[in-house]
Amino acid sequence: MKNTFLVAITQVCAERHLPEAVILDAIEQALILAYKRKFGTDQNIAVKVDPNTGKVRVYAKKEVVEEIEHQGSQISLKEACKLDDAAELGSTVHVELTPKNFGRIDAQTAKQVILQRIREAERETMYADWSDRTGEVVMGTVRNIDTSGNVILSLGRAEAIMPRNERIRTEQYTPNRRVRAYVYEVEKTSRGPRIRVSRTHRKLLRRLLESEVPEIFQGTVEIKGIAREPGSRSKVAVTATQEGVDPVGSCVGMRGVRIQSIVNELNGEKIDVVAWAPEETRFVANALSPARVEHVWLDRDTRTATVVVPDNQLSLAIGKEGQNARLAAKLTNWRIDIKSLTEAAEEIQRRAEEEAEAAAKEAELAAKREAAAALLAEAEVSLAQAEQEETAQAVETQAEELPLTEEAVTEEVAAAVEEAEAPAAELLPEEEAALEAVELPMEIPDEAQEQVTEQIVEPEVSEEAAMVRETEEDEEAEGDKPKGKKKRRRRDLIYDEESGTIVSRQRRKASRRLDEWEDEAEW
């Protein structure tokens with residue numbers, strides 16, 4: 001029994017690549033499930049398997065209490081002391097319940113549980129192994145190609161999937177062909193780990209260089225960048241971390257032996273190894289290898305590098321369908337514009353002409369600006385003079401419109417008195433007859449005569465006229481804007497018999513005065 005059990009355990013561990021403890025734990029869990037299915041599930045069951053003899057013992061875990069309330073999980077202190085002398089209240093004792101046999105059905109159940117637990121443990125172990133191998137290069141055998149074009153690779157106990165977009169288009173994958181692939185993803189599923197590999201990944205080339213070039217693996221030569229078009233061409237920028245080491249020569253090897261083995265592994269993919277340089281202009285020139293570069297201009301604002309090459313090197317620098325320039329741009333992270341010497345000379349001449357034309361336009365524009373500034377200054381001077389003239393005219397107009405002084409008023413009153421006396425001598429004969437017909441007082445009272453004398457000496461102006469003059473003086477004193485010119489009529493001073501005062505009235509036209517005299521004569 002002992003030898004048979006140990007041989008079986010050892011064989012399963014070797015086939016499944018599992019430790020012995022995992023197999024024994026699976027057997028114990030299967031026996032617990034089979035016992036509960038046969039004898040009930042109200043007890044806390046534990047199974048112990050002796051790895052040396054293979055003997056199985058079943059125990060029930062029970063709690064020591066004073067009064068038993070649940071027979072399946074509790075035991076009295078007296079019964080517990082019979083099993084274990086150190087038992088006390090609250091402790092747990094193991095009561096052996098090993099049956100004589102489980103029966104055929106229970107054995108079959110235990111077998112199924114054991115196989116399931118072993119498969120689960122195998123999946124967990126496989127995922128743990130492959131999850132740490134992400135980023136490595138593995139060797140696999142092509143098993144088949146599914147309907148979606150994915151290649152299924154056999155990696156021993158595991159399987160890997162190479163998606164269609166991760167295949168090299170120029171390669172033919174036939175069953176049983178051995179290929180190297182780069183592991184870029186490991187996913188955990190219910191059926192085990194799902195491993196995805198690639199033949200087009202840039203890091204595949206890095207790992208192949210590390211395996212073929214000892215200087216790269218040791219760190220003497222460092223890979224700075226990789227630009228790749230799978231199945232066609234690749235560029236690798238390398239530099240040396242130790243003086244005296246040729247990075248390009250170390251990668252190529254004697255007579256190209258090292259690089260040729262990588263080319264064969266990638267199905268004839270061409271590999272250009274260029275030297276990396278801290279100066280960007282030099283690095284751009286090296287990236288266009290094997291073409292020879294004359295000069296490089298960098299525009300950092302647009303990240304554009306203008307490269308000048310000899311006329312006979314233009315096609316080589318561009319490459320087939322622009323492949324060389326495209327890979328160089330990916331490697332350097334610069335947009336590369338390649339021109340021949342002839343094109344560059346024409347471009348320089350054209351730029352010089354454009355700069356000269358721009359300078360001439362700028363000079364012409366500056367001259368126009370100066371002329372415009374002079375005209376503007378002249379216009380400002382003329383405008384200032386016009387404003388001064390307008391101001392002077394406004395001052396003269398305001399001076400003419402100022403109210404009359406006291407002397408001017410006195411002269412105007414005297415003139416009005418003379419004009420009032422003059423019509424009496426110039427009356428027509430008909431008018432004199434009309435006046436004689438009117439009975440007028442021959443003598444003027446002394447009081448009225450004194451009032452007339454006083455009014456002549458000190459003429460009074462009516463309140464309406466005084467208010468008008470004060471309003472005009474206030475407007476002129478406040479300095480308001482001059483309004484439209486008003487046509488002023490001359491006024492006459494007339495003696496009012498009813499009030500006994502001299503009043504100021506506007507002078508009327510002759511026709512109106514004649515009509516008034518005629519009305520008075522008729523009356």
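Residues numbered from 1 in each chain as written. Predicted model: local features only at pLDDT ≥ 70, side-chain atom pairs only at ≥ 80, totals over all residues. Heavy atoms only, no water.

Asker: For the overall build of the chain, give the residues involved together with the corresponding values.
Answerer: Looking only at helices and strands, the chain has 17 helices and 17 strands in total. When the 523 residues of the chain are sorted by exposure, 30% land in the buried category. Within the chain, counting contacts between residues at least 6 apart in sequence, those at least 24 apart form 56% of the total. In the form shown here, the chain has an accessible surface area of approximately 35600 Å², with 49% of it arising from carbon and sulfur atoms. (Helix = DSSP H or I, 4+ residues; strand = E, 2+ residues; numbered from the N terminus. Buried < 20%, exposed > 50% of the residue type's maximum accessible area, 1.4 Å probe, protein only. Contact = heavy atoms within 4.5 Å. Areas by Shrake-Rupley, 256 points an atom, 1.4 Å probe, with all protein chains shown as cover.)

Asker: Before we move on, could you go through the nonpolar core and cite the residues and values that matter?
Answerer: Core analysis: the largest hydrophobic core is formed by 23 residues, its most contacted members being Ile9, Ile23, Ile27, Val47 and Val49. Only helix 1 (2-16), helix 2 (20-39), strand 1 (44-49), strand 2 (56-65) and helix 4 (104-131) provide two or more residues apiece to this core. Among the elements that take part in this core, helix 2 stands out by supplying nine residues, more than any other. Here Val47 is in contact with Glu28, Leu31, Ile32, Val56, Arg57 and Val58, once residues within four sequence places are set aside. Counting residues in hydrophobic clusters, the runner-up holds 21 residues, among them Ala227, Ala277, Ala325 and Ile338. (Core = buried A, V, L, I, M, F, W, Y, C linked by side-chain atoms within 4.5 Å.)

Asker: Could you give me a rundown of the sheet that holds strand 9 (residues 192-198), with the residues and numbers involved?
Answerer: Pairing within the closed barrel is mixed, and its five strands lie in the order 5-6-7-9-8. The average angle at which neighbouring strand axes cross in this sheet is 50°, direction not considered. As paired strands, strand 8 (residues 178-189) and strand 9 are joined by seven bridges and run antiparallel to one another. Bridge pairing links Tyr182 to Ser198 in strand 9. The strands touched by helix 4 are strand 5 (137-145), strand 6 (151-155), strand 7 (158-162), strand 8 and strand 9; relative to strand 8, the strand with the most contacts, the crossing angle is about 120°. (Pairing = 2+ DSSP bridges. Axes fitted to C-alpha atoms, helices over the stretch in contact; angles between N-to-C directions.)

Asker: Please give an account of the sheet that holds strand 15 (residues 335-340) that cites residues and values.
Answerer: As summarised here, the arrangement of the three strands in space is 13-14-15, forming an open sheet in which the pairing is mixed. Both outer strands of the open sheet, strand 13 (295-299) and strand 15, are each paired with one neighbouring strand and no more. Direction aside, neighbouring strands of the sheet carry axes that sit 20° apart on average. Bridge count for strand 14 (residues 304-309) against strand 15 is six bridges, and the pairing is parallel.

Asker: Describe the pairing of strand 13, and please don't skip the residues or the numbers.
Answerer: Consecutive side chains of a regular strand alternate in pointing toward one face of the sheet and then the other. As defined by bridge partners, strand 13 adjoins strand 14 across five bridges and the pair is classed as antiparallel. Bridged to Val296 within strand 14 is Val307. The turn joining strand 13 and strand 14, which pair antiparallel and follow one another in sequence, is formed by four residues; a positive phi near 55° is taken by Arg303.

Asker: Residues and numbers for the packing of aromatic side chains, please.
Answerer: Each aromatic ring pair is summarised here by two numbers: the centre-to-centre distance and the angle between the ring planes. Inspection of the entire model under this criterion finds one aromatic pair. It is Arg303 that lies over the ring of Trp334; its NZ or CZ is 3.9 Å from the centre. (Phe/Tyr/Trp six-rings, centres within 6.5 Å; stacked < 30°, edge-to-face > 60°. Lys NZ or Arg CZ within 6 Å of the ring centre and 35° of its normal.)

Asker: With reference to specific residues and values, describe the confidence of the model for the chain.
Answerer: Averaged over the chain, the pLDDT score is 78; the fraction of residues at 70 or greater is 75%. Taken together, the stretch residues 480-487 has pLDDT below 50 and engages in six contacts with residues farther than four places along the chain or on a different chain. (pLDDT = per-residue confidence, 0-100.)

Asker: Describe the packing of helix 2 against helix 4, and please don't skip the residues or the numbers.
Answerer: It is the contact of helix 2 with helix 4, at a shortest axis distance of 8 Å, that shows an interaxial angle of 145°. In this structure, helix 2 meets helix 4 at a crossing whose hand is right-handed. From helix 2, Val22, Ile23, Ala26, Ile27, Gln29, Ala30, Leu33, Ala34, Arg37 and Lys38 reach across to helix 4, where they touch Asp106, Thr109, Ala110, Val113, Ile114, Arg117, Ile118 and Ala121. Its residues placed into classes, the contact of helix 2 with helix 4 shows twelve nonpolar, two polar and four charged. (Left-handed = near helix turned anticlockwise from the far one by under 90°. Nonpolar A, V, L, I, M, F, W, Y, C, P; charged D, E, K, R; others polar.)

Asker: Tell me what's going on with unusual backbone geometry, and back it up with residues and numbers.
Answerer: Following Ser289, the chain continues to Pro290 via a peptide bond in cis, the omega torsion being 15°. Despite not being glycine, Arg255 has its phi angle at roughly 60°, a positive value. Structurally, the position occupied by Arg255 is in the loop between helix 7 (247-252) and helix 8 (257-265). One non-glycine residue, Arg303, lies in the positive phi region at around 55°.

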